[in-house]
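Here is what each chain is made of, one letter per residue.
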Amino acid sequence: MASDFGSDLRKLLAQLSAFPIGDKDYVSYFVNDSGERLIFVQKWGEGAATLLHSDLDWEPKPVKGFTTTMADTVTPAQKKTLENVSIDGGLFSTPMCGSTILGTDEAKWLDACYSASEPLRDVS
């Protein structure tokens, strides 16, 4: 009997991250230039997806929309501090998913996953 590659891959990623991944879940896997591994999981009918990141000890992080930047997520007091340590404003463009800081490549991958999995989310 032939192996089902998709099912086998989901089982392997579930073992790797210790996160339950079902056979019908949308799943994507990414390795950044530092060798850190990321897994995106969108379960059928759920309003948010999940980001799992090896650098964050695989702690599930909710994905409730496209990535933002640090400038979009910080408080006014934090913005003032960032202005003092980031003269050229570079930190303000740092990609974020909730409170998780991402690399640019990770953010592009995550946005592509979020867009591709849109039909699976519960929009009600």
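Report on the accompanying structure. Please read these numbers as outputs of a predicted model, since none were measured by experiment. (Residues numbered from 1 in each chain as written. Predicted model: local features only at pLDDT ≥ 70, side-chain atom pairs only at ≥ 80, totals over all residues. Heavy atoms only, no water.)

1. Re the overall build of the chain
Condition: Each helix corresponds to a stretch of at least 4 residues labelled H or I by DSSP, and each strand to a stretch of at least 2 residues labelled E; elements are numbered beginning at the N terminus. Burial status follows relative accessibility: with a 1.4 Å probe on protein chains alone, a residue under 20% of its type maximum counts as buried, one over 50% as exposed, and anything between as partly exposed. Two residues form a contact once any of their heavy atoms are found within 4.5 Å. Where accessible areas are quoted, they stem from the Shrake-Rupley method and a 1.4 Å probe; at the residue level, only the protein chains shown are allowed to cover. By the counting scheme adopted, Arg and Lys are positive, Glu and Asp are negative, and His together with the chain ends is not counted. Positions of charges follow a simple convention, taking NZ of Lys, CZ of Arg, CG of Asp or CD of Glu.
Across its full length, the chain carries 4 helices and 7 strands. Ordered by position from N to C terminus, the α and β elements of the chain give α-β-β-β-β-β-α-α-β-β-α. For the C-alpha atoms alone, the extent of the chain along its principal axes is close to 60 × 35 × 20 Å. The buried share of the chain, reckoned over its 124 residues, is 37%. Contacts in the chain between residues far apart in sequence, at least 24 positions, make up 42% of those at least 6 positions apart. Accessible surface, the chain as shown: approximately 7500 Å² in total, 56% of it carbon and sulfur. Of the charged side chains in the chain, 11 are positive and 18 negative; the average position of the first set lies 3 Å away from that of the second.

2. Concerning the sheet that holds strand β7 (residues 100–101)
Applied cut-off: In this scheme, strands are said to pair when DSSP sees at least two bridges between them.
If you trace the 3 strands from one edge of the open sheet to the other, you get β5-β6-β7, paired in antiparallel fashion. In the strand order of this sheet, the two ends are held by β5 (68–69) and β7, each with one partner. Direction of pairing for strand β6 (residues 95–97) relative to β7: antiparallel, over a ladder of 2 bridges. Residue pairing for β7: M96 is matched across the bridge by I101.

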